[in-house]
Structure formats: structure tokens, C-alpha cells
Amino acid sequence: MARSRWWLGACALAGVVLLVAVFALMTADRQPDDLTGPPGRGPLTVVSIGDSTVSGEGTGDYTAATDGTDGNWCHRSPRALVNHIELRGVTEHVNLACSGAASKHIRLGDEKQWTEPSQAQQLRELVTDHRVAAVVVGIGANDEPQFSRLISQCFTAWFSDEAAPCNENIRSDWQQRIDTMVPKVARALNDIQTVLREAGYQRDDYQLVLQSYASPIGPDMPESLRNLDGCPFRKADLRWVRDTGAVDLAAGLRRAAQQAGARFLDLSRAALGHEACSGGDDKNSEWFTRFTVRWSDLEHTDRASHAIQESFHPNARGHRQFARCLSEFLASTEDSAACLSGDDGNLHPAASVRAEHGR
């Protein structure tokens, strides 16, 4: 009887050893990144989707295919923020954003922007040979808020001494515009999730982040630059854009992110002290372009209407700072945060912009 028990025990032990050896052989050549994360084949990738604030407009360095070739003015740049994002395991960065895009240009469907199909459709093609770890989205301002157009209106108001500050007209329906935008942005985010779900992704296989907009201008600038040499705006309008326009827009985008189950990064206060013209004679501290004219574009009929397109957009320094904050946020577990300047002068994600600014 004792011999039988010994024999059975020895057989069981041998079986356990054999199973361990087989498992070790099966996993010996597999790395941690192969065991978790996005499905499919291809490099681990971070993708940007959205409008000019994400595409790279304002950096002055655009890919030839998106700088007017065959009518494509998406203005994608190798200096855009997506190319500076650092995320563990990510080896490729893909920019699908396009200058002037609205939510309809993100959604699945037939809408085109500057000759290109929807960005969700482009994402669908991308996931066939890329493993998407994160999608960063910047969209909404070109929907009902028409933020860029409103800034242009304030620009125009500067030329008239008799006209009222432009923000007085904007305020009448500003909140209504934001409220109308919110479900459109949420649906665009949902379509991005639909594309990834249909490609076999589970919701925890990737990160989806919606970011808001940093104010490109503010009232703290030398009077000598409130003209065509820098930032031709009335002071009341500069204050409204920074303290109300960008902040209210961020609140609406936060709601859209919550509705779609996306993470949210608030940039509304990110550029404080670094807006266009805030540096006076030294532009090196500024993260946004001043009034900019590409004079060579004025020599060509098909390019002339885009000659000032770069004005009041994040410059290369701005994109690097926003990417720094995004990288830290992507590495965190917070559902939302706000990009604020730290003691080192760089942007970092803080738990709440309200706590920092009492709003």
C-alpha cells in the first residue's frame, strides 16, 4: 500500500513538472507587450484625430501632401504633438488630424475635409496593420462654437473704433452654441470606439482622450503689439477669449467626454503666460503664433486664401509642451486632468483646473 502511494505521488509530481516545462517553452519567446494590449499585428501606435490644433497648423512645417497639393490643406506637421508623445511600448505615431475639421469630418460617413475621407474611416484602415494603444482627439471648436471664426471677428473689430468689442455679440448665444456642440463631439468619439470595437478591441485595450483648447491670446501683452505686428485685438476681447471662451468650451467638451466614456484633458489654462504676443520683444517664451502671413502664398491664386491660416495656432514649442502633459496623463490613471505650468516652467497634468483657479 505504501509503495502504491509513493508511486502515485511520484507520477503526480512528474506531471506537474511536465506541465511547467511545457508552459515555459510556450511563453519563453513572448514578451509582456505580446501578452496584453491591443489585438492584431503591427507596431504599437498612438494616433491623433481632430482639427488644426492637433494637425500641426502653426508650426510652419507641413508634409507636402497636406500643404495644398491637389487641394489638400490639412497642414499636418512632423512637429505636431502626436509625434512628441511618449508612451510605454509605442514605436509609431500617426497623425490623422486635419486643419478646419469639425465633428462630422471625424465620424463614419461620406463627409470629406480637404479631399480626405473621414478620420474614423482612416482609423479603420490603420488598425489593419497597426496596434492602436491610444487615440488623442481635439475636436469641437469648428462645430457650432466656431471658435476660430469668432477670433477672426474680434480681429476685424480691432480695425473699427466705433464698433463694440466683438465678445458683446458672441456672448448672446455662446452657451447655446456649446450645448449644441456637445452631442456631436460625443457621437464622433463613439464612432472612434465603434471602429476599434469592430476590429476586435476591448475597451481596456486602448486609451481614448479628448482634449480641449488652450487660449491662443490673452490681455497680458505690450500695447506695442496690439496691432498688425503681433496681435490686433481689443483688450476686452483678449480677456474674454482667455477667461471665458476657452474655459466654457472646455466645460462643454468635458461633458462630451463623459457622455462617450472617454478621458478628458483640459487645456483651457495651459498657455497662461505663453499666449501669442505675451513675450513682447522675445517670442521664445510663446507657445502660439502671432498674426502670420505666408507672403509666398499671396503670389498664387489657389493659395492666397490660406496665406494667414497659421495665425494664432500652437507653434512647435506649444506642441512639445502639450505633448509633455499628454504623455504624463496617458501614463496616469486619472479620468480627467488639467494641463498647468509646474515649478519647472513645463506643463503637467493637475487633478483639477477648478482647484487651481477657483472656477
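As annotated in an unreviewed UniProt entry, the chain carries the name GDSL-type esterase/lipase family protein and comes from Prauserella salsuginis.

Caption draft 1: Geometry of the overall build of the chain. In terms of regular secondary structure, the chain is built from 11 helices and 7 strands. Looking at the chain residue by residue over its 359 residues, the buried ones come to 52%. Surface accessibility of the chain: about 17000 Å² in total, with carbon and sulfur atoms responsible for 51%.

Caption draft 2: How the structure looks around the sheet that holds strand β3 (residues 131-138). Spatially, 7 strands are ordered β2-β1-β3-β4-β5-β6-β7 in an open sheet, and the strand pairing comes out mixed. Of all strands in the sheet, those with a lone pairing partner are β2 (92-95) and β7 (347-350), marking the two edges. Across the sheet, the mean angle separating the axes of adjacent strands is 25 degrees when strand polarity is ignored. Of the pairings in the sheet, the one linking strand β5 (residues 263-266) to strand β6 (residues 336-341) comprises 3 bridges and is parallel in character.

Caption draft 3: Local environment of the side chain of Glu-57. For Glu-57, the position within the fold is in the loop between α3 (52-55) and β2. In this structure Glu-57 is buried but unpaired, with Arg-294 as the nearest side chain of opposite charge at 6.0 Å. At a separation of 2.7 Å, a polar atom in the side chain of Glu-57 contacts the side chain of His-75. Residues within four places of Glu-57 in sequence aside, it is in contact with Ser-52, Tyr-62, His-75, Ser-99, Gln-309, Glu-310, His-313, Pro-314 and His-319.

Caption draft 4: View of the pattern of salt bridges. Under the criterion given, the structure shown has 19 salt bridges. The residue Lys-235 makes a salt bridge to Glu-223 at a minimum N-O spacing of 3.6 Å. One end of the pair, Lys-235, is in helix α8 (residues 235-260); the other, Glu-223, is in the loop between β4 (207-211) and α8, and 12 residues separate them in sequence. Of the residues examined, Lys-235 reaches a relative accessible area of 33% and is grouped as partly exposed. The residue Asp-243 makes a salt bridge to Arg-242 at a minimum N-O spacing of 2.8 Å.

Caption draft 5: Representation of the layout of surface pockets within the structure. The space that makes up the largest pocket amounts to roughly 840 Å³. For the largest pocket, the lining is made up of 34 residues, of which Ser-148, Ser-152, Gln-309, Ser-311 and His-313 are closest to its centre. Mapped by element, the contributors of at least two residues to the lining of the largest pocket are α3 and α5 (147-157). Residue classes in the lining of the largest pocket are distributed as 16 nonpolar, 15 polar and 3 charged.

Caption draft 6: Highlighting the state of the cysteines. Under the criterion given, the structure shown has 4 disulfides. What pairs with Cys-74 in a disulfide is Cys-98, and their sulfur atoms sit 2.0 Å apart. Around the S-S axis, the bridge from Cys-74 to Cys-98 shows a dihedral of about -80 degrees and counts as left-handed. Separated by 24 residues along the polypeptide, Cys-74 in the loop between α3 and β2 and Cys-98 in the loop between β2 and α4 (119-126) bring together distant segments of the chain. Across the disulfide, Cys-231 is cross-linked to Cys-277 (sulfur-sulfur distance 2.1 Å). For the disulfide bridge between Cys-231 and Cys-277, the dihedral angle about the S-S bond is near 95 degrees, and by the sign convention the bridge is right-handed. Note that Cys-231 is positioned in the loop between β4 and α8 and Cys-277 in the loop between β5 and α9 (301-304), a separation of 46 residues in sequence. The exposure class of Cys-231 is buried, given its relative accessible area of 0%. Judged by its relative accessible area of 0%, Cys-277 falls in the buried class. What links to what in the chain: the bonded cysteines, counted in sequence order, pair as 1-2, 3-4, 5-6, 7-8.

Conventions and cut-offs
Residues numbered from 1 in each chain as written. Predicted model: local features only at pLDDT ≥ 70, side-chain atom pairs only at ≥ 80, totals over all residues. Heavy atoms only, no water. Helix = DSSP H or I, 4+ residues; strand = E, 2+ residues; numbered from the N terminus. Buried < 20%, exposed > 50% of the residue type's maximum accessible area, 1.4 Å probe, protein only. Areas by Shrake-Rupley, 256 points an atom, 1.4 Å probe, with all protein chains shown as cover. Pairing = 2+ DSSP bridges. Axes fitted to C-alpha atoms, helices over the stretch in contact; angles between N-to-C directions. Lys, Arg positive; Asp, Glu negative; His and termini not counted. Salt bridge = Lys/Arg side-chain N within 4 Å of Asp/Glu carboxyl O. Polar contact = N/O pair within 3.5 Å; in protein donor to acceptor, adjacent residues only side chain to side chain. Contact = heavy atoms within 4.5 Å. 1 Å grid on protein atoms, 1.4 Å probe; cavity = no way out; pocket = protein on both sides within 12 Å on 5 of 7 lines; lining within 4 Å. Points joined across faces, edges and corners; volume = space filled by probe spheres on them. Nonpolar A, V, L, I, M, F, W, Y, C, P; charged D, E, K, R; others polar. Disulfide = S-S within 2.5 Å.

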